[in-house]
Amino acid sequence: MLPRAIRYPKHRIIQLLSLAGSGILSTILLLAMNVPLPSFVINAYYWVNPDKGVFCHYIKTNSKTSLPDISDYIPKEGKSIFFHETSCHSFINGKVTITSRQACAVESAARMNPEHEVYLLYASPGNLVFENTESDRLVKVLLEYSNMNIFHVDMERYFSKTPLEKLYHKGSLKLSKYAQSHTSDLLRYLTLWKYGGIYLDLDVIVIKSLDGLATDFSGVESHRAVAAGIMGFNYTGTGHDFATACLEDLKHNFKGHDWGWNGPGTITRLLKRICNVKTVDEMVKKSSCEGFKVYPPSAFYAIPYWDWKWFFEPQYLEVVEKMTVNSSLIHVWNGFSATTKIPIESTNVPYLEFAKKYCPNVLKQCDKYF
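What counts, and where the lines are drawn
- Residues numbered from 1 in each chain as written.
- Predicted model: local features only at pLDDT ≥ 70, side-chain atom pairs only at ≥ 80, totals over all residues.
- Heavy atoms only, no water.
- Core = buried A, V, L, I, M, F, W, Y, C linked by side-chain atoms within 4.5 Å.
- Buried < 20%, exposed > 50% of the residue type's maximum accessible area, 1.4 Å probe, protein only.
- Helix = DSSP H or I, 4+ residues; strand = E, 2+ residues; numbered from the N terminus.
- Disulfide = S-S within 2.5 Å.
- Axes fitted to C-alpha atoms, helices over the stretch in contact; angles between N-to-C directions.
- Left-handed = near helix turned anticlockwise from the far one by under 90°.
- Contact = heavy atoms within 4.5 Å.
- Nonpolar A, V, L, I, M, F, W, Y, C, P; charged D, E, K, R; others polar.
- Phe/Tyr/Trp six-rings, centres within 6.5 Å; stacked < 30°, edge-to-face > 60°.
- Lys NZ or Arg CZ within 6 Å of the ring centre and 35° of its normal.
- Expected span 1.5 Å × (residues − 1).
- Polar contact = N/O pair within 3.5 Å; in protein donor to acceptor, adjacent residues only side chain to side chain.
- Parallel < 35°, antiparallel > 145°, perpendicular 65-115°, else oblique.

Trainee: Could you clarify how one ought to interpret the nonpolar core in this entry?
Mentor: Nonpolar side chains in soluble globular proteins tend to be buried together. Counting residues in each nonpolar core, the largest one holds 59 residues, and the members touching the most others are Phe 83, Leu 120 and Leu 200. Per-element accounting of this core gives the leading share, six residues, to helix 4 (residues 100-112). Leu 164, Leu 186, Ala 228 and Phe 254 belong to the second-largest nonpolar core, a separate cluster that totals 44 residues.

Trainee: I'm lost on the state of the cysteines in this one. Help?
Mentor: Two cysteines joined by a covalent bond between their sulfur atoms form a disulfide. Going through the model one piece at a time under the given rule, you end up with three disulfides. Bridging Cys 56 to Cys 88, the disulfide has an S-S length of 2.1 Å. Its S-S torsion of approximately -90 degrees makes the covalent link between Cys 56 and Cys 88 left-handed. Within this pair, whereas Cys 56 is found in the loop between helix 2 (39-48) and strand 1 (80-85), its partner Cys 88 is found in the loop between strand 1 and helix 3 (89-93), the two being separated by 32 residues in sequence. We note that Cys 56, like Cys 88, is buried. Across a sulfur-sulfur distance of 2.0 Å, Cys 275 and Cys 289 are joined as a disulfide pair. Around the S-S axis, the bridge from Cys 275 to Cys 289 shows a dihedral of about 105 degrees and counts as right-handed. Placement of Cys 275 in the loop between helix 10 (264-274) and helix 11 (280-285) and of Cys 289 in the loop between helix 11 and strand 8 (293-295) is noted, with a sequence separation of 14 residues between them. The exposure classification of Cys 275 matches that of Cys 289, with both residues buried. When the cysteines engaged in disulfides are numbered in sequence order, the protein pairs them as 1-2, 3-6, 4-5.

Trainee: I tried to follow the packing of helix 8 (residues 179-195) against helix 9 (residues 237-253) on my own but got confused; where do I start?
Mentor: For any two helices packed against each other, the geometry comes down to the angle between their axes and how far apart the axes lie. Close contact between helix 8 and helix 9 brings their axes to 9 Å; oriented N to C, the two are set at 145 degrees. With respect to the hand of their crossing, helix 8 and helix 9 are arranged in left-handed fashion. Residues Leu 186, Tyr 189, Leu 190, Leu 192 and Trp 193 of helix 8 lie in contact with helix 9, whose contacting residues are His 240, Ala 243, Thr 244, Cys 246, Leu 247 and Leu 250. Looking at the contact of helix 8 with helix 9 residue by residue, the class counts come to nine nonpolar, two polar and no charged.

Trainee: How do you make sense of the packing of aromatic side chains when you look at a structure like this?
Mentor: Counting across every chain of the model gives 24 aromatic pairs. With a centroid separation of 5.5 Å and an interplanar angle of 70 degrees, the aromatic rings of Tyr 295 and Phe 300 are classed as edge-to-face. Neither Tyr 295 nor Phe 300 differs from the other in exposure class; each is buried. With a centroid separation of 6.2 Å and an interplanar angle of 85 degrees, the aromatic rings of Phe 300 and Tyr 301 are classed as edge-to-face. A residue is classified by how much of its surface remains accessible, and Tyr 301, at 2% relative accessible area, is buried. Here the aromatic cluster, defined as three or more aromatic residues joined through ring pairs, consists of Phe 217, Tyr 295, Phe 300, Tyr 301, Tyr 305, Trp 306, Trp 333 and Phe 336. We note Lys 255 situated over the ring of Trp 261; from NZ or CZ to the ring centre the distance is 3.8 Å.

Trainee: Is there a simple way to think about helix 4 in this case?
Mentor: The periodicity of an α-helix, 3.6 residues per turn, causes residues three or four places apart in sequence to face the same way. In a regular helix each residue adds 1.5 Å, so 13 residues correspond to 18 Å; helix 4 covers 18 Å between its end C-alpha atoms and thus fits that length. With 11 of its 13 residues buried, helix 4 lies for the most part within the structure. Along helix 4, the residues classified as buried are Ser 100, Arg 101, Gln 102, Ala 103, Cys 104, Ala 105, Val 106, Glu 107, Ser 108, Ala 109 and Ala 110.

Trainee: What should I look at first to understand the environment of Tyr 46 in this one?
Mentor: Looking at the secondary structure, you find Tyr 46 in helix 2. With a relative accessible area of 12%, Tyr 46 lands in the buried category. Distance in space between the C-alpha atoms of Tyr 46 and Ala 179 is 9.3 Å, their sequence separation being 133 residues. Not counting residues within four places of it along the chain, the set of residues in contact with Tyr 46 comprises Lys 52, Gly 53, Lys 174, Ser 176, Lys 177, Tyr 178 and Ala 179. A polar side-chain atom of Tyr 46 sits 3.1 Å from the main-chain amide nitrogen of Ala 179.

Trainee: Quick question: what am I supposed to make of the packing of helix 4 against helix 15 (residues 350-358) here?
Mentor: Where helix 4 meets helix 15, the axes come as close as 10 Å, and the angle between the chain directions of the two elements is 45 degrees. On the basis of the axis angle, helix 4 is oblique to helix 15. Remark: the crossing between helix 4 and helix 15 carries left-handed chirality. Together, Arg 101, Cys 104, Glu 107, Ser 108, Arg 111 and Met 112 of helix 4 and Tyr 351, Ala 355, Lys 357 and Tyr 358 of helix 15 make up the contact between the two elements.

These figures capture arrangement, not role.
In structure tokens, the structure reads:
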């Protein structure tokens, strides 16, 4: 005899639904707060949202199933520009994937700096497969530049025998509340420690040659913070010492629950020490901090993050052009602007106008939006 179906009173069903809703809401609120979370909460979140996690970084690959590994290559010392892509989109899609805005950042760097080698480094496994999608065409356009290189980062090899090896093997990155962002933070410092050169975020457009910049440098984004969206360290001497100091800071002070602590926080703490100052404004006023140059906001972050919409609104074109006249690049604050689409037939949209000039080949491959 089959058991009778269990019937809950209506008020009990409402209570259960309310409890479930409260649990979901509580989890969302906790994720939004700067507090540590139990590992089971983080694991559950990334299980439900695999595209936000870094599970793919732990998948072993070979040259037949992924790009060649950067650890088997020696980048051009002192003349290299690096980008890191830390999402798992390429693994999920089964091939190397890039967005039009990311590709624009890379093309502009290669186009404006022909004497530099440009490296686009994927933490996700993925191979080059060309099926004429927009992403496929964008990758092809980038590879037409003779100074362009695309590699995979075997994370275990990359962190091995470095000051961050134990931090990586502890699983601190995959249990971070901001796994992809914090992985990018660690990789940028680690890459500059290994090879020297310049690191760039993937939400920029390079509008001038970077040759005229100091060898060891970063830039201020506001009165409160030095940003890590563009940085340079020499591969030897004091520049390498600065990079080592950043790795040691991360080794002992990594925080998985604080979004900015490991990226801009790391370079800001270093500069307060070597500049012997307490405020960001004091850093800029100094001509040099033990050989390290701190650039004002006008150099890289002329449009502050709270005005990010200016890049997307035609009425601000003239303002943006004037404010960035002394800039080496524009930074469009992807954390805020990622979901704001620009139809490619638009006119006078600042971000799109810069793209037309500095990444024209990428723009030609866009289907509907930039």
